Amino acid sequence: MKMSLANSTMKKWTVTSPGVEHLRLESAPLPSFGEHEVLVRVEAVSLNYRDLGVIQGEDGAAMPFPCTPGSDLAGVVVASGARVTRFREGDAVIGTFWAGWLDGEWPATARVLGGSLPGALAQYLVLHEDWLVPAPSTLDAVQASTLPCAGLTAWFALVEKGGLRAGQTVLVQGTGGVALFGLQLARAHGAQVIVTTGSEDKRRRALALGASHVIDRNAHPQWDIEARALTGGRGVDHIFELAGGDNLAASLRALRQGGRISLIGVLGEHSMTFPSVPSFLTRPVIQGIGVGHRRALEELVRAVDGLALKPVVDACYAADQLPQALEHLKRGAFGKIVVKMH
Ligand SMILES: NC(=O)c1ccc[n+]([C@@H]2O[C@H](COP(=O)([O-])OP(=O)(O)OC[C@H]3O[C@@H](n4cnc5c(N)ncnc54)[C@H](OP(=O)(O)O)[C@@H]3O)[C@@H](O)[C@H]2O)c1
């Protein structure tokens, strides 16, 4: 480590026991790194719905308290171990959500930052060089920090596993981070997009972002009927299931025969149910999505640069405003909430 960094201290968020009220912004020494690791100056951390679960002690993979939450970061490499070959000092990087899932099958040994590994809500973080990819050249750190989880989840569902094609119709539920990346990526591939929302203001914003149709979930609790009608009765080609519970049954009713549902979210419930017999004839392709691997993230980064896609950041909070940022997340963001760490 360089002398200018040695003996330095940083700020990091620690949650001492379950609950947002137990978050503390503490001073800590800069962590030391091994020969295959890099020290990253964390510029921005985007929040995910699961961060609330970790902080509240609800996430199945939560680490023992006290812990530092946060999985998604963008930053700059400021020092590196003797055997690091992938990065140099000064490189702009983003983290991979999964530490250790590089390509192919998900390995049971893969772990998550701010899960079973120390999290990203710190001003400096040590990471194995394999757990980072070069940041997009067209995004600033705040925007780039939104790619590792929300961006990659939508990309993995639609492109890596979804076979998305121009002319198809994609439906996303709500206007959170995953949903809006789904909207933007589907539009960029020439697909039509239907959005469901519970908010009039977000309805207007989703249309401005390129949604073909927006269904008000409150006015139309049976949103699947509206969705099917909007496709001329054919049904939707690809649906992001983000709510869970009985909502999956509605997703199946809205789907075209042989269409695809990506099981992604638990905004409503942690289990999903649907009647089996009607599904036999719909012949749905139901795919679970667990974010995605590093190779797909690298491909997403290239796509973002090539398309000049700008992630939707609803609000940006200062490093000491994490509790306010989490309150915003609980209220429901339009896109992503980001915390700037410097
Ligand atoms: N499996 C994976 O790989 C993966 C990856 C990322 C996230 N997830 C999960 O996917 C879900 C969405 O994540 P996110 O980060 O995009 O969340 P988010 O940004 O926090 O999304 C919040 C938005 O979702 C909408 N919403 C809230 N409750 C809803 C409900 N019951 N039904 C439909 N929409 C609802 C609201 O939009 P409106 O106000 O417009 O309705 C709200 O603004 C979460 O459950 C998260 O844990 C899974």
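Residues numbered from 1 in each chain as written. Predicted model: local features only at pLDDT ≥ 70, side-chain atom pairs only at ≥ 80, totals over all residues. Heavy atoms only, no water.

(A) Representation of helix α5 (residues 200-208). The N-cap residue of α5 is serine 199: its side-chain oxygen and the backbone nitrogen of aspartate 201 are 3.4 Å apart. Positive phi shows up at glycine 210, right after α5, with a value of about 120 degrees. (Polar contact = N/O pair within 3.5 Å; in protein donor to acceptor, adjacent residues only side chain to side chain. Helix = DSSP H or I, 4+ residues; strand = E, 2+ residues; numbered from the N terminus.)

(B) Here's a closer look at the sheet that holds strand β15 (residues 285-288). Strand order in the open sheet formed by six strands is β12-β11-β10-β13-β14-β15, and the pairing between neighbours is parallel. Of all the strands in the sheet, just β12 (213-216) and β15 have a single pairing partner and so form its edges. The average undirected angle you get between the axes of adjacent strands in this sheet is 20 degrees. Taken together, the five bridges between strand β10 (residues 169-173) and strand β11 (residues 192-197) define a ladder with parallel strand orientation. What sits directly across from glutamine 173, in β11, is threonine 196. (Pairing = 2+ DSSP bridges. Axes fitted to C-alpha atoms, helices over the stretch in contact; angles between N-to-C directions.)

(C) Broad picture of the domain arrangement of the chain. Taken domain by domain, the chain comprises domain 1 (9-147 + 311-340) and domain 2 (162-288). Distance from the C-alpha centre of domain 1 to the C-alpha centre of domain 2: 29 Å. Together domain 1 and domain 2 conceal approximately 920 Å² of surface at their shared face, both sides included; 68% is due to carbon and sulfur atoms. Among the salt bridges present, the one from aspartate 314 reaches arginine 205, with a minimum N-O distance of 2.9 Å. Where domain 1 meets domain 2, there are four residue pairs in polar contact (both at pLDDT 80 or more). The residue inventory of the side of domain 1 that touches domain 2, partitioned by class, reads six nonpolar, three polar and two charged. (Domains from an automatic or database assignment. Buried area = accessible area lost by both parts, 1.4 Å probe. Salt bridge = Lys/Arg side-chain N within 4 Å of Asp/Glu carboxyl O. Nonpolar A, V, L, I, M, F, W, Y, C, P; charged D, E, K, R; others polar.)

(D) Structural detail: the site of the ligand. Surveying the vicinity of the ligand reveals 24 residues, the closest of which are Thr175, Thr197, Val266, Ile289 and Val291. Contact between the ligand and valine 178: an oxygen atom at 2.9 Å from a main-chain N or O atom of the residue. Protein burial of the ligand: of its 930 Å² of free accessible surface, 84% is covered by the chains. For the shell around the ligand, the secondary-structure elements that each account for two or more residues are α3 (147-160) and α4 (177-188). (Near = heavy atom within 4 Å. Areas by Shrake-Rupley, 256 points an atom, 1.4 Å probe, with all protein chains shown as cover.)

(E) Just the environment of arginine 256, in detail. Here arginine 256 is to be found in strand β14 (residues 255-263). Exposure remark for arginine 256: the relative accessible area of 21% places this residue in the partly exposed category. Separated by 28 residues in the primary sequence, arginine 256 and arginine 228 place their C-alpha atoms 8.3 Å from one another. Polar side-chain contacts of arginine 256 include one of 2.5 Å to the side chain of aspartate 237. (Buried < 20%, exposed > 50% of the residue type's maximum accessible area, 1.4 Å probe, protein only.)

(F) Summary view of the side chain of threonine 14. Its location among the elements puts threonine 14 in strand β1 (residues 9-15). Here glutamate 26 takes part through its side chain, which lies 3.0 Å from a polar atom of the side chain of threonine 14.

(G) Helix α10 (residues 322-331), seen in detail. Taken together, the buried positions of α10 are occupied by Leu322, Ala325, Leu326, His328 and Leu329. An end-on view of α10 places all buried positions within 155 degrees of arc, on one side of the element. On its buried face, α10 is in contact with β1, β2 (23-29), α1 (49-55), β16 (313-318) and β17 (336-340). Backbone geometry just downstream of α10 places glycine 332 in the positive-phi region, at approximately 110 degrees. (Arc of directions from axis to C-beta. Contact = heavy atoms within 4.5 Å.)

(H) Molecular detail of the packing of aromatic side chains. Per the stated rule, a full pass over the model turns up three aromatic pairs. When the centroid spacing of 5.7 Å and the interplanar angle of 85 degrees are considered together, the rings of phenylalanine 97 and tryptophan 98 count as edge-to-face. Here phenylalanine 97 falls in the buried class, since its relative accessible area comes to 6%. Relative to tryptophan 106, the ring of tryptophan 98 lies with its centre 5.5 Å away and its plane at 70 degrees, an arrangement referred to as edge-to-face. Look at tryptophan 106 and you get partly exposed, because its relative accessible area is 43%. (Phe/Tyr/Trp six-rings, centres within 6.5 Å; stacked < 30°, edge-to-face > 60°.)

(I) Examining the environment of arginine 86 more closely. Relative to the assigned elements, arginine 86 resides in the loop between β4 (72-80) and β5 (92-95). Here arginine 86 falls in the partly exposed class, since its relative accessible area comes to 29%. It is 41 Å that separates the C-alpha atoms of arginine 86 and proline 284, two residues lying 198 residues apart in sequence. In this structure, arginine 86 is in contact with Asp91, Glu129, Asp130, Leu132, Val133, Arg294 and Glu298, ignoring residues within four places of it in sequence. Here leucine 132 takes part through its backbone oxygen, which lies 2.7 Å from a polar atom of the side chain of arginine 86.

(J) Summary view of the environment of asparagine 247. With respect to the helices, strands and loops of the structure, asparagine 247 is situated in helix α7 (residues 247-254). For asparagine 247, a relative accessible area of 17% translates into the label buried. In sequence terms asparagine 247 and alanine 79 are 168 residues apart; their C-alpha atoms lie 48 Å from each other. Contact partners of asparagine 247, with chain neighbours within four places excluded, come to Gln173, Trp223 and Glu241. In this structure the side chain of asparagine 247 is engaged in a polar contact, spanning 2.9 Å, whose partner is the side chain of glutamine 173.

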